[in-house]
Structure formats: structure tokens, C-alpha cells
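So the chains spell out like this:
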Amino acid sequence: MKSLAELQALRDKMKGNMGIRDEDDASIRVVVGMATCGIAAGARPVLQAFTDEVAKRGLQNVAVGQTGCIGICQYEPVVEVFMPGQEKVTYVKMTAEKAVQVVNDHLVNGNVVTEYTIGANAK
Amino acid sequence: MYRSHVLVCGGTGCTSSGSEQIIKTLEGELEKTGLQNEIKVIKTGCFGLCALGPIMIVYPEGAFYSMVKPEDIPEIVSEHLLKGRIVTRLLYQETVTEDTIKSLNHTDFYKKQKRVALKNCGVIDPENINEYIAYDGYQALGKVLTEMTPEQVIDTIKASGLRGRGGAGFPTGLKWSFAAKNDADQKYVCCNADEGDPGAFMDRSILEGDPNVLIEAMTIAGYAIGASQGYVYVRAEYPIAVKRLQIAIGEAREMGFLGKDIFGSGFDFDLDIRLGAGAFVCGEETALMTSIEGKRGEPRPRPPFPAEKGLFGKPSVLNNVETYANIPQIILNGPEWFSSMGTEKSKGTKVFALGGKINNTGLVEVPMGTTLRTIIEEIGGGIPGGKKFKAAQTGGPSGGCIPAEHMDIEIDYDNLLSIGSMMGSGGLIVMDEDTCMVDIAKFFLEFTVDESCGKCTPCRIGTKRMYEILDKISKGKATMQDIDRLEKLAHYIKDNALCGLGQTAPNPVLSTLHFFRDEYVAHIVEKRCPAGVCKDLLNFYIREDKCKGCTLCARNCPVGAISGNVKEPHIIDRSKCIKCGACIEKCKFGAIEKH
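Just so you know, these numbers come straight off a predicted model, no measurement behind them.

Draft legend 1. Expanded view of helix α4 (residues 96–108) of chain A. Residue and element names in this part refer to chain A. The first and last C-alpha atoms of α4 sit 17 Å apart over 13 residues, in line with the 18 Å expected at 1.5 Å per residue. Most pronounced at V102, the bend in α4 amounts to some 30°. Of all the residues in α4, the buried ones are A99, V102, V103, H106 and L107. Downstream of α4 by a residue or two, G110 has a phi angle that is positive, lying close to 80°.

Draft legend 2. Highlighting the pairing of strand β3 (residues 56–59) of chain B. Residue and element names in this part refer to chain B. Every second residue of β3 is oriented toward a common face, with M56 and V58 on one face and I57 and Y59 on the other, all of them buried. Pairing geometry for strand β1 (residues 4–9) and β3, over four bridges, is antiparallel. The residue of β3 that forms the bridge with L7 is I57. With three bridges joining them, β3 and strand β4 (residues 63–65) adopt antiparallel strand pairing. Bridge pairing in β4 links M56 to Y65. Where β3 hands over to β4, the hairpin turn is made up of three residues, of which G62 adopts a positive phi near 75°.

Draft legend 3. Spatial organisation of the sheet that holds strand β4 (residues 89–91) of chain A. Residues and elements named next belong to chain A. The sheet built from four strands is open, its strands ordered β2-β1-β3-β4 with mixed pairing. Each edge of the open sheet is held by one strand with a lone partner, namely β2 (62–67) and β4. The mean inter-strand angle of the sheet, taken between neighbouring strand axes irrespective of direction, is 20°. When strand β3 (residues 79–82) meets β4, the two strands line up antiparallel, connected through three bridges. Bridge assignment links E80 to a residue of β4, and that residue is T90.

Analysis parameters
Residues numbered from 1 in each chain as written. Chains lettered and ligands numbered in written order. Predicted model: local features only at pLDDT ≥ 70, side-chain atom pairs only at ≥ 80, totals over all residues. Helix = DSSP H or I, 4+ residues; strand = E, 2+ residues; numbered from the N terminus. Expected span 1.5 Å × (residues − 1). Bend = angle between axes of the 7 residues up to and from the residue. Buried ≥ 20, exposed ≤ 12 C-beta atoms within 10 Å, placed from the backbone. Pairing = 2+ DSSP bridges. Axes fitted to C-alpha atoms, helices over the stretch in contact; angles between N-to-C directions.

Listed below in C-alpha cells is the structure:
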């Protein structure tokens, strides 16, 4: 270790992997439906895509988790995004590609990807 | 990237309740379900709640599973980790509320705590230096070496008000400044990880849970006093702690936190471990240094103090593990942050090892000045079985007992001294109404008699004589003059023993005599042990009116001292009875009494 800057760079890199253990109420939660229906519809690659993309972008305030069946099995894989102080957003019929877009547009820039939400699909 | 981290406690407490097996089963199950690349299993240090081990936390949910058994693992994996349904049944019940789970930090055990020395324990993987770095590890060392002079470091520690956590409470900054002032070709930094007090285990837990903090702090101390070599004196009975410290030292050397030219500052420092063979006296600073030198661990008179002539006759600094664990955070957060916690003369926090008759056995860290009542009733969860609190013993064999009437005392160095106890290293043994104070005093004296190194007469012979008097009292063979002799001897030893071990050895006797004199008198005058502990003063009786003649007691008596016909009251033959109490435990009708 030759300088403080080198250490700080290393710390920031390592910190990305540890954010998951912070119990901070102010963070964004992404919850993927992982009941039998969700898994059968392909929720696993979606979940993986979310975790990978969040890690790639170093989003420390995002926790990716899973949940059980929400009861709208025909729309699986279902993903819910909880932003502090906002109404939750429910995305349906998700894929790994869509997941990447949701991370970029919604989690990073705050723009809900309306076309993937349940509101757009239920019409 | 993992989507979930499963933290399993790998401290000594949880290891002995089977956490190794939990980890193995967990890893097997994860592989079976194909989750091994999504979920990371981390073996951490102690969470503090040892009574509930093995402990397991799943993030990001923060679900806290307690007393986990290997057969619970498949359910946790298939329900929680695969499908995201927390297995509420297996959670620590206090964290379960109607619609959500409470964060661990909001439970009674944790919410009144303030974790400084234990900050990373149970949070990081102690065998991975990168996790320490992620939580600002080695930032303080970097700051010290690149931005501060040794004088500034010492001034910072002085201003923080940090006092030694090993027992005596000497101001750490002052200690460092003495050693810094003495010029020498070589100086040493030592760490006391000998932790000999029965019941204290915070130093072990810090070594097991966060070994890098010690390396960082000792290197800072080395820079402050001008030492290039450090030694950690740790007892060989702490195999997990030793192993993790070895791993951490290896990693730190590899990353350049130890060795030559650290942070390009031109400062060199290295660290070695010395194993102690578990002699209590080696926790005394001069004996410890003699032992590191490879000689028989015996204390020597002071002065000269170690700051002048310590290890190998060179100026040395010795601090205990918990003291060091505070240093990096004082550097990073500033001395004002540290001194804002605690009382006027005792700053910061203190870790206590809660043991004895208490529900939440484990490690707690609270700001100085927290009352004994808060620690025992709120954090500790009170006394099991609805029994009454009688006294708390602090400071181990060097400390004293705090009776119920002092429960609202604010715990700090000076308050404890004023009531005849001492902080010690922070062992806190809770005693209920079934504890005999004469017996407790005898227990601690027996320990000091065993551990006395024999170098000075007051300790070698004096403690033995005290033990003999206590033994007489507990057998009902003493007279009232014996109490006077006991007190006189106690004061004599206090004033004349060579080292801290002897000087403090009479404390358990003096404090129990002060607060519980009536119990001593009951043993001597009435030949009665009020708590029903001292066997020689007890007799066992079967009450005829309550005995149903079920024969259970007779069948369980190991010496065949109970006789009687079925459905008729039984009788105990007192010439055969060894007073083991097995019959009382077995009797379903409460027919057997001892008094």
C-alpha cells in the first residue's frame, strides 16, 4: 500500500459488495417474485440480471431481494420497485433485457419504464 | 455479485454450539439447489448474543435466525433463500412483529448498545481483509502516516480521554507520551490479549471478529512512540483467535499495511504473535513482558515503568485489545466524537461480558455511565426463572460485588472503585438469590491461590491463609475473630503485594464482607448458609406430609441414601447422604427440603 488514494480506491471498490448488509431504510428495494409460478416463467435470470447490473453500476443504495407469489401469475415474472417516499411500481412479464433497462432508466435516472408496468400491460 | 449474504457466527460461543456444522450443511444445500453463485456464506465473528447461538443473519432482509439446527437448513434454503419467504418460525422471536420483521438493531438486546470496539464483529468476514477495508479499515493508519506527526497522534488520543480497558484505566495517550519521550535505538508496542479473568471474553471476540483493527491500531501506536516492532501476547487457549490473527497479519503484510515503508511514508513496522500458556499473572504488564522475552512469567517491581524500561529493557507500550480497538475510530472521527460519549472522567464505551444468572448471556457494549440496571434488566433480559437479583460481580478475581441497592449506579471507572469493586476487563457475572456470597469469595480466592506466581510473600502465603479462613467459615467451623483476622489480612495483602494480582486479590472478600456481612455471620454464629449452597451446613429432609412414596428419589440417589416402601414416606440416611441435590431435582411433589 503506497498511498491513501490507493486505499480509498480499494475501499470504494469493496464497498459495492457490502451495501447489501446495511440496514438503511432510505434505500431502494427491488423485489422479484420467486414463487413456483415466477421461477417457471423465468424469474431467475431476471433476478440475476438485476443483481449483476446493480453491481456493475455500483449502486450502493439498491437492495435486490425476492418474494413469494403476488397472485397475478399470468403476468410473471413480476418485479416490484420500492423507492423511498414513492408509490411502488410493478413491472410485469420481465426478462433479463428488460431488467437492465429498468435499472438504467428507473433506478439510476428515476424514469419509470411505463411500457413494462402492469398498468400498460393490463389494458 | 451475490444477491444475498448469509452471515453465520463463527465466534467461540457459536462454534461450540455447532455453527461449523451449520455452515457445512448450508453450503451443501446451496449447491444442491444451484444457488451457490447467488448467495454468499460468510463466517463472521461474535454477534454478542451468545445465549442464542448458533446465530445466522440473512441479508438484504436482515432476518435473524437464532439457535439454528442443521435440520432447519433445508427449510431456510428452499423457503427463504430460493423463494424469498422468511421462515418466521425459526427467527429470533423478538424480531417478529405482525406484518414485518424488526431490524436486529431495534431489539432490546441491541438498541441500548453503542458498538465502537465491536463495530465490525458479526458484520465482516474476519478472514478477508477486503471486508475490513470496505468498512474504512486502514483509513486511520493512512491518515496518521500521511497527514499527522507522532505528536499529533498522541495529542489526539489524549484529547479523546481514552483510558485503558484492561482494568486499571490508565489514560492511554499519557502512556504513549511517556514512551515517546524516552529515546532508544529500539522501542516496542505490545498488546495484552491474555484475558485471564474468568468470565471475560471481549478481547477474544474482537480478535476473532475483527483482527485487522488490532493490527491497524498497533501500527498507529508504533508510529506514535517510534517503535518498529510489535508483539501480541495471546493465550494459547484461544485457537480461533490466534488463527484469525495469523491470517490477518499475513494479509496485512501482503497488502503492505505491515512491513517496510508503509503508505510510502518511510515508516516500518512489523507484528508478531507470542503465545501465552494461560497463567493469570501474565496479564500483569511486567510479567507479560518477561514472558515475551522467553523467561518465566513473573512480575517485577515498578518503577522503572515499561515506558522507560519494558520489553528487552527498551521503552515499551502495552495496551489491551479493547483499548486498541477504539484507536482507529478516534483518529477518523476525531477526539471530540469519542469524548462526547461516556461520563466526565470515563469517556467512550465499554464492552461487558454478561454471564451467570442472566437470560441474554453474551457481549454487550454500552456508553460509560450506563446503569447496571439497564445492562441487566433491559439488555440482559433479566434473571431466568423469575429469581431475584442479588449481586453483580465485576472485575473478576480482582473486583468486587455490587449489591441490589447499588443497581442504579452509573458504571464507570471511578464509581466502581468508590463502592469497592473495579471495572477490570469487563466481566460481569450476575448472581441471583441462590448464590452464597461466602462461597463466591472462596471461589475467587481459590483462583488467586492457584494463580499466584509465588514471587512475593503477601500474595503467596497471604491468599492461602485467607482461603483457609473462608473454608472454615463455609464449613461452620469459624469464630467471629476469624472475620477480623480475615479483614486484617486482606488489608495487609492489598498494601504489600508486589503486583496487581496480589494487590487486588482481597477485593472479592472485602466487598462481600462490606455488603453481605450478615451472611458471613450466619455461617459462623447460626451455622447456616442462607442461600443453601455451602454443603457442610446443609441437611436434606423429606417432608412426610408431602412425600407420596413414588420411589423416584430413592432410585436416583447415587449413593443409596434414601429408603422407604412404595406409597409410604421415604427417609434420608444422613450418614450416607452426599448432599448432591439429585433428589430435589427429581421430586415432583416438592417434598424434599434442604436447610
